[in-house]
Structure formats: C-alpha cells, structure tokens
Amino acid sequence: AHHRVRGVIASPTSYILLLKNNVIVCPALEKVIVWDARKNVKLNEMSEGTSTVTSLATHDEKTVAVGYEDGTVRIFGIESQLSSVVLSGHTSSVTVLKYDNSGTRLCSGSLDTNVIVWDVVSQSGLYRLKGHKGPINDCIFLQNSNVLITSSKDTYIKLWCLDSQHCFETLTNGRDEVWSIAVCSEETRLIAGSNTAELRVWSLNQGGELGKRKSGEKVVQCELLGALVRKSKERVNCLGVVGSVVFCQNNDATIEVFKVKTAEEQEKLLKRKRKKLKNSATLAQDEVSLDVDEEIVYVKTIKCSNKLRSISCRPIKKAKGGIKICCLFTNN
C-alpha cells in the first residue's frame, strides 16, 4: 500500500531491496533505512560519511552492501547497523552491486566505466575488468560457469571469463544504451532492456569449465534469438526474474510482466507448430522451432499511480506461484 512508504526519503540514484518478512531496505540520501512494511515502522538506520547512497545489494539478508557516490562500497550488518567492510577502488559513483551465488564475491560497476570483482571474505579486490567505454548499468554472475556479464551505456554487453579475467564475447545492442540485463530459463536465455520498444534475447550455451573445453572454444556460446515487444514507449529501468516470471520496470508508472513457458508447454506448442507446417516443402520438421515471443510470452502490464524509481520482487512462500512486488516511487 502506498501509505507504507510515506515519509521515506529515497535517493534518486538508487534502488530498494525487499527482504523476507516484509522488510524493506531503502536508500535515504547518505543513509540506508530498514523498514518493517507490515507495521510501518523504522527498524534500523545505517550511515557513515556524507556521500549519497547510489546502489544496494544483499546475499544473506543479514548484511547489505552499499555503494556510494564517492566510489566506495561498505558492507553493513542489518541488525548491528555497523560497517564491517570498506572497499575502495572506484573513482566515481558506484552504479550497480551484485553478489555471486555463494555470497563470497561482490561485483561493483561504476560511472568510471570499470568493473571490480571483490573477495568479501578477505575484504580485497580480486581483479579490475576494463573494456567498457561508458558507465556500467548492470552485471550478473552466472551460476553454472565462472562468467560475469556486464552491460553499459556504451551500447555493449560483455561476457567475462573470470578464470582468465578477459572479455571473450561482446554483444551489441545497436545504437541503444543497455540499461538492464537478466538471465532466465536456467541461464539459457539473456534478456537486455534499452531505450527501444524491444527486449533483445540471446541464447546462452555454457560450454563447461576451463580445461574441459576444446581449444579455442568460448566459455559461453551466444546467439541472438529475437526480441520481445514492450508496450511502453519509455526506456527500461530494470529487469528482474523470479522463477519463470520476468518483470520489466519501465521509466514511467508501468511494470510489464512476461512468463517463460515450461518445457512441457513449449513441447506442446512445438508439436502443434510442426503439425501446421507438416505439408510445407520449405521447412523440414527438425528445422521448426519456437520464436522467442512464443517461448517468453507477454502476460500483463501493471499500472501504478506514480512514476516508478525501482522495484524489488520475491516469491510468496505461502502462495504457490505468488510473487510480491515492492515499488519505490519518484515522489518519495
């Protein structure tokens, strides 16, 4: 409900985190405030220094990584409200923070165009990845291979092999800035959101660990499959995935919802498609495949009362298939 976020001062350059038990972590200028949305009360407040909070991330929901406008990253205990780790490596504002699946590595992207992968345990930088020519907008650690995917305002998406710390693939999004990226379908699909009315989709074929691949074989093979058409004319702000559901938060008051069809649903659709083309001489049966908009289908558009700054989603355990969405509006 809208009254639950009343009174929160939110940084215009950051986003929110929805944790379990309806706990929300919000940026508030140079502070980070933890709210109990159910009771509408402030639980904790974290602050060190005078720099504005520009990014947030959590792995275990007990600590939160906070990126600042001055380029530093601090890790706070949500209950203790104390900063146990300070990471300094960027010369400009930290634009994105993401943990890997184990929570031991943290990736930070910045306006300085650099990407740094940090070892949270030893509290040190592992490596700095250079190659983008514009500010970093998003990043994703793949779980099935030691690969990091980054996107930037320079219109490129880069795939980095973290075993050798080099970029082995650069995907182009035409002349459009890539604002957000997401992976779905068990990390076999990469979705990119930009200024256009389309979400571009690539296939990801992960070829295995270093040493197990053939000589010269890429860690991940990528192929452009097509695009999903958005309803909004505004640019994409953020892409999020919960299970088989893909959320596209636009730079207006709308959230577009897409759903990835299950393997069974895709197989049934493919059989029907093959049956229709059975008498066609142009395509063999094994050449018939699903288009990307048949695999990932548009479901609905959620319209909010005000322009959105960011959203955070998580599954509802008590409701099978249910998803909770927390929204941060630009009007505070």
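This one's a predicted model, so the numbers in the text were calculated from it and none came from an experiment.

Rules of the game
- Residues numbered from 1 in each chain as written.
- Predicted model: local features only at pLDDT ≥ 70, side-chain atom pairs only at ≥ 80, totals over all residues.
- Heavy atoms only, no water.
- Pairing = 2+ DSSP bridges.
- Helix = DSSP H or I, 4+ residues; strand = E, 2+ residues; numbered from the N terminus.
- Axes fitted to C-alpha atoms, helices over the stretch in contact; angles between N-to-C directions.
- Polar contact = N/O pair within 3.5 Å; in protein donor to acceptor, adjacent residues only side chain to side chain.
- Contact = heavy atoms within 4.5 Å.
- Core = buried A, V, L, I, M, F, W, Y, C linked by side-chain atoms within 4.5 Å.
- Buried < 20%, exposed > 50% of the residue type's maximum accessible area, 1.4 Å probe, protein only.
- Phe/Tyr/Trp six-rings, centres within 6.5 Å; stacked < 30°, edge-to-face > 60°.
- Lys NZ or Arg CZ within 6 Å of the ring centre and 35° of its normal.
- Salt bridge = Lys/Arg side-chain N within 4 Å of Asp/Glu carboxyl O.

(A) How the structure looks around the sheet that holds strand β19 (residues 198-206). Spatially, 4 strands are ordered β17-β18-β19-β20 in an open sheet, and the strand pairing comes out antiparallel. Of all the strands in the sheet, just β17 (180-184) and β20 (220-229) have a single pairing partner and so form its edges. Direction aside, neighbouring strands of the sheet carry axes that sit 25° apart on average. As defined by bridge partners, β19 adjoins β20 across 9 bridges and the pair is classed as antiparallel. Residue pairing for β20: L204 is matched across the bridge by C222.

(B) Representation of the side chain of T254 within the structure. Relative to the helices and strands, T254 resides in strand β23 (residues 254-260). Looking at T254, its side chain comes within polar contact range of the side chain of N250, at 3.0 Å. A polar contact is formed between the side chain of T254 and the side chain of D252, at a distance of 2.7 Å. Leaving out residues up to four positions away in the same chain, T254 has contacts with S232, C248, Q249, T301, I302, K303 and L308.

(C) Quick look at the nonpolar core. V147, I149, I157, L159, I181, L190 and V220 are the most contacted members of the largest nonpolar core, which totals 18 residues. Of all the secondary-structure elements, those providing two or more residues to this core are β14 (147-152), β15 (156-161), β16 (166-172), β17, β18 (189-193) and β19. Ranked by residue count, the leading element in this core is β15, at 3 residues. For L159, the contacting residues outside a window of four places in its chain are V147, L148, I149, H166, C167, F168, E169, L171, L204, V220 and C222.

(D) Spatial organisation of the sheet that holds strand β22 (residues 245-250). In space, the 4 strands of this open sheet follow the order β21-β22-β23-β24, with antiparallel pairing throughout. Each edge of the sheet is formed by a strand with only one pairing partner; in this case those strands are β21 (236-242) and β24 (296-303). Strand after strand, the sheet turns through a mean of 20° between neighbouring axes, direction not considered. For β23 and β24, the ladder comprises 7 bridges, and the chain directions are antiparallel. Each bridged residue has a counterpart across the sheet, and for V257 the counterpart in β24 is K300.

(E) Representation of the packing of aromatic side chains within the structure. By the definition in use, this model includes 1 aromatic pair. Plain terms: the ring middles of F258 and Y298 are 5.8 Å apart, the flat faces sit at 75° to each other, and that makes the pair edge-to-face. Here the residue F258 occupies a position in strand β23, and Y298 occupies one in strand β24, the gap between them amounting to 40 residues. Look at F258 and you get buried, because its relative accessible area is 2%. If you follow K231 out to its NZ or CZ, it ends over the ring of Y298, 4.6 Å from the centre. Between R235 and the ring centre of W179, over which it is positioned, the NZ or CZ distance is 3.5 Å.

(F) Up close: the pattern of salt bridges. If you walk through the whole model with that rule in mind, you get 10 salt bridges. With a closest N to O distance of 3.3 Å, K31 and E45 form a salt bridge. One end of the pair, K31, is in strand β3 (residues 31-36); the other, E45, is in strand β4 (residues 41-47), with 14 residues separating them in the sequence. Linking K98 and D138 is a salt bridge whose minimum nitrogen-to-oxygen distance equals 2.8 Å. Of this pair, K98 sits in strand β9 (residues 94-99) while D138 sits in strand β13 (residues 136-141), and the two are 40 residues apart along the sequence. Since its relative accessible area comes to 29%, K98 is described here as partly exposed. We classify D138 as buried; its relative accessible area is 5%. Look at the salt bridges and you will find they share partners, linking K31, K42 and E45 into a network.

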